[in-house]
Amino acid sequence: MSSTPHARPEIFGLMAEFHTAEELIEATQKVHAAGYHHVDAYTPYPIEEVSHALHLKRSKLPMIVLGGGITGGLAGYLLQYWSSVIEYPMNIGGRPFHSWPAFIVPTFEMTILFAALSAVLGMFALNGLPEPYHPAFNVPRFALASRDRYFLLIEARDPKFHADETRKLLLDLHASEVSDVAH
Amino acid sequence: MKSAAVETFRRPDPAALAAPAAVDRLRLLALGVGGAAAVALLIGLVMQPGYFYRSYLAGWVLWAGVALGSLVLAMLHTMTRGSWGVAGRRVLEAAARTLPYVLLLAVPLAFGLQELYPWSRPEAAHDHLLQKKAAYLNPAGLGIRTLIYFALWIFLMMTLDRLSARQDRDPDPDLIARMKRIAAPGIAFWALAVTFAAVDWLMSLDPHWFSTIYGVWLMGSQGLSAIAFLILMSVWLWRRAPMDAYLRPGHFHDWGKLMFAFTMLWAYFSFSQFLIIWSGNLPEEIGWYLRRTTGGWGGLALIIVLFHFALPFLMLLSRDLKRSPRFLVYIAGLMLVMRAVDLFWQVEPGFEGRHQPGFYWMYAAAPVAIGGIWLWLFLGELKKRPLLPVNDPYLPEALAHE
């Protein structure tokens, strides 16, 4: 792949480190208010306020799960209909071939199975996983994100990004350290 | 992390948590509507005693289900301590405190045993099977057992209620441990008693028929009725001070999820019973469903499948709708109406050959009459305590629940 120096910024972005969750929440809110959109936050445990502050788009996952469930239910019912009415009709205790009450339980199970698989696979797909390489790990201190530090990353591809001004903004928001993130 | 809202929490003043003045207007309205329906029901009693007792039984089982379901939801919350329960506890407790009145409301049924239960009629002497069952199915037995169930439920309710009232005065965290020691066995006793009650009150309407899941079906139905009533009452409270400041979308979301779960539980029990009896197709069992699916009753069964299960199920899948009290209130109202329709479908088709469609209106009058009087009693109980358990140790988290 040819790299075009004009399109590709010199660094991936800027990573700010915070000591407390409150500082991170406030910084995330202010950064969003300042007009940055290519922003992500990293914390040792889930913090609901950070998700709000990031103004993440609503996940498409529920719709994927719904679609999976409907597909599974239809497939389960039609499979039974096809096998017991069309392909291999058998007289069982004089019951009609299309014995819908008997079909309900497998239909339900297939709905759950497909919905659950859609949830897992859809979650991976929307998360972009598996992702063997991410530039955030180029910052050595980033390992603390799974221990006791809170990080905020602003990507250089953000239209508002400016190496010096963005760094100043993050320092003003009480970041204890701001590091360049290499590609 | 404790959110800032929890750390800076200031316990609300119990005096500021009194029920809104509108409760008195609602009480009068409930008594007026209930009284009017009761008058209609009494006219029905003169014209058709049989229909009075059948419809009264259906209506009474519905509202007894709301009270008993509230008791068990309160006990479940005592054990599990979710935010949903802290915000709804006072409604559940007040509904459970109506249990002595619910027992009183059952008194008219004592005069209609022969109208209701074939095993109590003189003809039962010529029925070999009913003779074998007479040691259990006899009028004195039914009365004594019903008194025992209520003694047990009222004992659980009073013990828990006394501790809860004490917690309002005394923030002793040990009170919760004491409530748990009552609630844990209480849930098991409730389940056992409801199983027997389902046989006594409803299943023995057709004394030749039996279904082992019927008791569990009644448990699920009670839970569903109670959560629907909790939502209706909480939306009413949420529209007014002081609760408008405390009830959050998160509470309605949780209650909506519980109603969703109970809807599926009810459907699961109802369908399991149907599937097993349909598969077996045995003469002593299948008649119960034949009576309920042939003639016009099949159409009613379809209405129950669609509006007691399919529609609420699909609606409650949506997160936004569960979080919206304005919307949830319609689903909860539909649920209570469909509980009454389901009980109509459980009771009336059993009286084969004795149907008089001109009196079916009494199945609507009875739940309204008993419900109006019950609501009047319930609101009287609700007024007695602050609308939130002010000394509950989990109150800060529960109120910060978005």
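Described below are features of the structure shown in this document. Quantities reported herein were computed from a predicted structural model and do not represent experimental measurements.

Taken together, the contacts link 14 residues of chain A with eleven residues of chain B. Across the chain A/chain B interface, buried area totals approximately 990 Å², and carbon plus sulfur atoms make up 68% of it. Interface area lost by chain A to chain B is led by Arg 58, Arg 95 and Pro 101 of chain A, which between them contribute 43%. Taken together, the connections running from chain A to chain B amount to one salt bridge. A salt bridge links Asp 320 of chain B to Arg 58 of chain A, with the nearest nitrogen and oxygen atoms 3.1 Å apart. Seen at the junction of chain A and chain B, the total is two residue pairs in polar contact (both at pLDDT 80 or more). If you list the elements that add at least two residues to the side of chain A that touches chain B, you get α1 (21-33) and α4 (100-127) of chain A.

Residue and element names in this part refer to chain B. Checked against the element boundaries, Arg 11 lands in the loop between α1 (4-7) and α2 (22-47). Linking Arg 11 and Pro 396, residues 385 residues apart in sequence, is a C-alpha distance of 7.8 Å. The residues touching Arg 11, leaving out its near neighbours within four places in the chain, are Val 390, Asn 391, Asp 392, Pro 393, Leu 395 and Pro 396. From its side chain, Arg 11 meets the backbone oxygen of Val 390 in a polar contact 2.7 Å long. Of note is the side chain of Arg 11, whose polar atom sits 3.2 Å from the backbone oxygen of Asp 392.

Here the focus is the side chain of Arg 27 of chain B. Residues and elements named next belong to chain B. Residue placement: Arg 27 occurs in helix α2. Here Arg 27 is buried and forms no salt bridge, its nearest opposite-charge partner Asp 24 lying at an N-O distance of 5.1 Å. Setting aside residues up to four positions removed in sequence, Arg 27 forms contacts with Trp 376, Leu 379, Gly 380 and Lys 383.

This part takes up the packing of helix α3 (residues 61-87) of chain A against α4 of chain A. Residue and element names in this part refer to chain A. Remark: α3 packs on α4, axes separated minimally by 6 Å, with the N-to-C direction vectors making an angle of 145 degrees. Between α3 and α4 lies a crossing of right-handed hand. Each residue belonging to the contact of α3 with α4 can be placed in one class, and the counts come to 15 nonpolar, twelve polar and no charged.

Residue and element names in this part refer to chain A. Along the chain, the position of Arg 167 falls in helix α5 (residues 163-172). With relative accessibility at 26%, the residue Arg 167 sits in the partly exposed group. When the C-alpha positions of Arg 167 and Glu 177 are compared, they lie 9.7 Å apart, and in sequence the two are ten residues distant. Residues within four places of Arg 167 in sequence aside, it is in contact with Leu 14, His 162, Val 178 and Asp 180.

All names here are of chain B. The final tally for this structure, using the stated rule, is 25 salt bridges over all chains. Linking Glu 93 and Arg 89 is a salt bridge whose minimum nitrogen-to-oxygen distance equals 3.0 Å. Note that Glu 93 and Arg 89 are positioned in helix α4 (residues 83-96) at a spacing of four residues, about one turn of the helix. Judged on exposure class, the residue Glu 93 and its partner Arg 89 are both buried. Here Asp 161 ties to Arg 385 by a salt bridge, and the two come within 3.1 Å at their closest N and O atoms. Taken together, the positions of Asp 161 in helix α9 (residues 139-169) and Arg 385 in the loop between α17 (362-382) and α18 (395-399) put the pair 224 residues apart, joining distant regions of the chain. Arg 385 matches Asp 161 in its accessibility class, with the two residues each being buried.

Before going further, it helps to spend a moment on the side chain of Ser 234 of chain B. Residues and elements named next belong to chain B. Along the chain, the position of Ser 234 falls in helix α11 (residues 214-238). A relative accessible area of 2% means that Ser 234 is categorised as buried. One polar contact links the side chain of Ser 234 to the main-chain carbonyl oxygen of Leu 230, over a distance of 2.7 Å.

Residue and element names in this part refer to chain A. An order of β2-β3-β1-β4 is seen for the four strands of this open sheet, with the pairing classed as antiparallel. The sheet is open, and its two borders are formed by β2 (39-42) and β4 (177-181), each paired with just one other strand. Ignoring strand direction, the axes of neighbouring strands in this sheet form an average angle of 20 degrees. Here strand β1 (residues 13-18) runs beside strand β3 (residues 150-155); their pairing, made up of six bridges, is antiparallel. By the bridge assignment, Gly 13 is partnered in β3 with Glu 155. Running at roughly 20 degrees to β3, α1 makes contact with β1, β2 and β3 of the sheet.

The rules behind these values
- Residues numbered from 1 in each chain as written.
- Chains lettered and ligands numbered in written order.
- Predicted model: local features only at pLDDT ≥ 70, side-chain atom pairs only at ≥ 80, totals over all residues.
- Heavy atoms only, no water.
- Contact = heavy atoms within 4.5 Å.
- Buried area = accessible area lost by both parts, 1.4 Å probe.
- Salt bridge = Lys/Arg side-chain N within 4 Å of Asp/Glu carboxyl O.
- Polar contact = N/O pair within 3.5 Å; in protein donor to acceptor, adjacent residues only side chain to side chain.
- Helix = DSSP H or I, 4+ residues; strand = E, 2+ residues; numbered from the N terminus.
- Buried < 20%, exposed > 50% of the residue type's maximum accessible area, 1.4 Å probe, protein only.
- Lys, Arg positive; Asp, Glu negative; His and termini not counted.
- Axes fitted to C-alpha atoms, helices over the stretch in contact; angles between N-to-C directions.
- Left-handed = near helix turned anticlockwise from the far one by under 90°.
- Nonpolar A, V, L, I, M, F, W, Y, C, P; charged D, E, K, R; others polar.
- Pairing = 2+ DSSP bridges.

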